[in-house]
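Take a look at the letters that make up each chain.
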Amino acid sequence: MKLIQTVDAEGAVLCHDITQIIKGVTKDAVFRKGHIVTKEDITVLLSVGKDQLYVWEKEEGMLHENEAAEILCGMCKGEHMERSQVKEGKVELTAGCRGLLKVNDAGLKAVNGFGQMMIATRHGNTMVKAGDKLAGTRIIPLVIEEEKMEAARKATMEATKGRPILELKPFLHKKVGIITTGNEVYYGRIQDTFTPVIEEKLKEFDTEIIDHVTWNDDDKKVTNSILDMIHKGADVVICTGGMSVDPDDKTPLAIKNTKAKVVSYGAPVLPGAMFLLAYYEVIEENPRTVAIMGLPGCVMYAKRTIFDLVLPRVMADDEVTAEDLGALGQGGLCLNCDFCTFPNCGFGKGW
């Protein structure tokens, strides 16, 4: 820090806030610590009585907060994101499109463990829309060692395998097949109230329902329908009902018999414990991975369930693993609030 004449301050960096007081009008900082003085600022500084200023003296190996903030921004900014201008060591990131936000937890912990710098994000695996705030970064002191910033960058890139801490995966167009199961629906004893719920949730995404069939509790018919829908081009197949362990609930067996890879039958989420997720690999014409979901009855009547947590990831082609589902135990209990605020609540924030 050094003292200079204000008239010579163009390009210098302020070491403290400069307050402007105009009776009945304002009493606030007209310039903040870290502000780079412009030619136009000099008149204002003189008008508030600052003939001399304490400014930052550039030292070899030290970075100004704004220079260091650019490094932080580079560590976390992925594709499809917009950034703010750096100000007072801060940069904010916002979504440039609608999609699924992914946060590399190991990378985030690596940089935040260094001290004197921070990155705060919203929860990962959540839906965002264009313009939503994703993260904020901040350098704490006015100046910071260049060596420390480089060490943080290196440790973070090692943790993320060279990728940014944040990733925004746009939602994709998906062709969907729906299979409704149950003797009670098939024989017309009750009205199908499950399919409309699924259709309504699919409207939140770019989806096209290419087929819908209803079967009785016959696992062979359900298996054949799943394979037929995949042959017709389905990217996602959703089976409703028949998901419990009762002898006449055949949907899990039907999905298994397609030879799809079952990720998990069961999830530590309430509502939604009897959820099944599988992936079927299409290797012939139009190679792709098809997600097959078996939905328990709770999806029909509960406001939010396991389906609301997994569906966004499926729509972004973000593979869900058994480990991912296991992590949902913490935060997987819906509190059935009288007024539902999901996703602005703790439900499903465990992964």
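Here, every reference points to the structure presented above.
Let us look at the structure shown here.

Conventions and cut-offs
- All residue numbers refer to position in the chain's written sequence, counted from 1.
- Only residues with pLDDT of at least 70 are given local features in this predicted model, and only at 80 or more are side-chain atom pairs given and counted; all residues enter the totals for whole chains, interfaces and linings.
- Calculated side-chain values reflect all of the structure's heavy atoms, with hydrogen atoms and water omitted.
- The secondary structure listing takes helices from DSSP runs of H or I that are at least 4 residues long and strands from runs of E that are at least 2 residues long, numbered from the N terminus.
- We compute the radius of gyration over the C-alpha atoms and compare it with the globule rule, which gives 2.2 Å times the number of residues raised to the power 0.38.
- We call a residue buried when its accessible area falls under 20% of the maximum for its residue type, exposed when it is over 50%, and partly exposed in between, using a 1.4 Å probe and counting protein chains only.
- Between two residues, a contact is recorded if the distance between any of their heavy atoms is within 4.5 Å.
- The protein chains shown are the only cover counted for residues, whose accessible areas, like all others here, come from Shrake-Rupley with a 1.4 Å probe.
- This count recognises Lys and Arg as positive and Asp and Glu as negative, with His and chain-terminal groups excluded.
- All charge positions are set by atom: Lys at NZ, Arg at CZ, Asp at CG, Glu at CD.
- Any two cysteine sulfur atoms within 2.5 Å of one another count as a disulfide.
- The rule for pairing is simple: two strands pair if DSSP sees at least two bridges between them.
- Between the N-to-C directions of two axes lies an angle of 0 to 180 degrees, each axis being a line fitted to C-alpha atoms and, for a helix, fitted only over the stretch in contact.
- Only centres within 6.5 Å qualify two rings of Phe, Tyr or Trp (six-membered ring in Trp) as a pair; their planes then separate them into stacked at under 30 degrees, edge-to-face at over 60, and tilted for everything else.
- For a Lys NZ or an Arg CZ to count as sitting over a ring, it must be within 6 Å of the ring centre and within 35 degrees of the ring normal.
- By the criterion applied in these results, polar contacts are pairs of N or O atoms within 3.5 Å in which, for protein atoms, one can donate a hydrogen and the other can accept it, and in which residues neighboring in sequence qualify only through two side-chain atoms.
- We call a set of buried residues a nonpolar core when its members are Ala, Val, Leu, Ile, Met, Phe, Trp, Tyr or Cys and they connect through side-chain atoms within 4.5 Å of each other.

## Description of the overall build of the protein
From N to C terminus, the protein includes eleven helices and 19 strands. Taking 20 Å as the expected radius of gyration for a compact globule of 351 residues, we find that the protein reaches 28 Å, considerably beyond that expectation. Reported as C-alpha extents along the three principal axes, the dimensions of the protein are approximately 90 × 45 × 35 Å. Across the 351 residues in the protein, those meeting the buried criterion constitute 45%. Counting contacts in the protein only where the partners sit at least 6 residues apart, residues at least 24 apart contribute 66% of the total. For the protein, the accessible surface area stands at approximately 18000 Å², while carbon and sulfur atoms represent 51% of it. In the protein, which carries 42 positive and 51 negative side-chain charges, the distance between the mean positions of the two groups comes to 2 Å.

## Here we look at the state of the cysteines
Here the structure, examined in full by the defined rule, presents zero disulfides. C76 supplies the cysteine sulfur nearest to C97, a cysteine that is in no disulfide, at a spacing of 16 Å. This cysteine, C298, is not joined by any disulfide, and C334 carries the nearest cysteine sulfur, 10 Å off.

## Re the sheet that holds strand β14 (residues 174-181)
Strands sit in the order β15-β14-β16-β19-β18-β17 across an open sheet of six strands; the sheet is mixed. Edge strands, defined here as strands with exactly one partner in the open sheet, are β15 (207-215) and β17 (261-265). Shown here is a sheet whose adjacent strand axes are inclined to one another by a mean of 15 degrees, direction ignored. With five bridges connecting them, strand β16 (residues 236-240) and strand β19 (residues 288-295) associate as parallel partners. Bridged to C239 within β19 is G294. Along the sheet face, helix α7 (residues 219-231) touches β14, β15, β16, β18 (276-282) and β19 and points at about 160 degrees away from the line of β15. Each of β14, β15, β16 and β19 touches helix α10 (residues 306-315); the most contacted strand, β19, lies at about 170 degrees to it.

## As for the sheet that holds strand β7 (residues 90-95)
Strand order in the open sheet formed by four strands is β6-β7-β11-β9, and the pairing between neighbours is antiparallel. Each of the sheet's edge strands pairs with one partner strand only, and the pair in question is β6 (81-83) and β9 (117-121). Direction aside, neighbouring strands of the sheet carry axes that sit 15 degrees apart on average. In the packing of helix α2 (residues 65-76) onto the sheet, the strands contacted are β6, β7, β9 and β11 (133-139), and the crossing angle to β11 comes to about 145 degrees.

## Description of the packing of aromatic side chains
Scanning the entire structure with this criterion turns up four aromatic pairs. Seen from their ring centres, Y186 and Y187 are 4.9 Å apart, and the 80 degrees between their planes marks the pair as edge-to-face. Taking relative accessible area as the criterion, Y186 reaches 33% and is therefore assigned partly exposed. Judged by relative accessible area, which is 47%, Y187 ranks as partly exposed. Every member of this aromatic cluster is reached through a ring pair, and the members are Y186, Y187 and W215. We note R98 situated over the ring of F205; from NZ or CZ to the ring centre the distance is 5.4 Å. The cationic tip of R313 hangs over the ring face of W351; the distance from NZ or CZ to the ring centre is 4.6 Å.

## Focus: the side chain of K102
As for its placement among the helices and strands, K102 is situated in strand β8 (residues 99-103). A distance of 2.7 Å separates the side chain of K102 from the side chain of N125, its partner in a polar contact. Within the local environment of K102, its side chain forms a polar contact with the side chain of D318, the two groups lying 2.7 Å apart. Excluding its chain neighbours within four sequence positions, the residues that come into contact with K102 are N125, I165, L166, E167, K169, R313 and D318.

## A few points about the nonpolar core
Among the nonpolar cores identified, the biggest contains 36 residues, and I198, I238, M293, L295 and V310 are the most heavily contacted of them. Elements represented by at least two residues in this core include exactly β14, α6 (194-202), β16, β18, β19, α9 (298-301) and α10. Apart from the residues within four sequence positions on either side, M293 is in contact with V236, V237, I238, C239, I255, F275, L276, L277, F307, V310, L311 and V314. If you look at the next biggest cluster of nonpolar residues, it comprises 28 residues, including L134, I139, M149 and L168.

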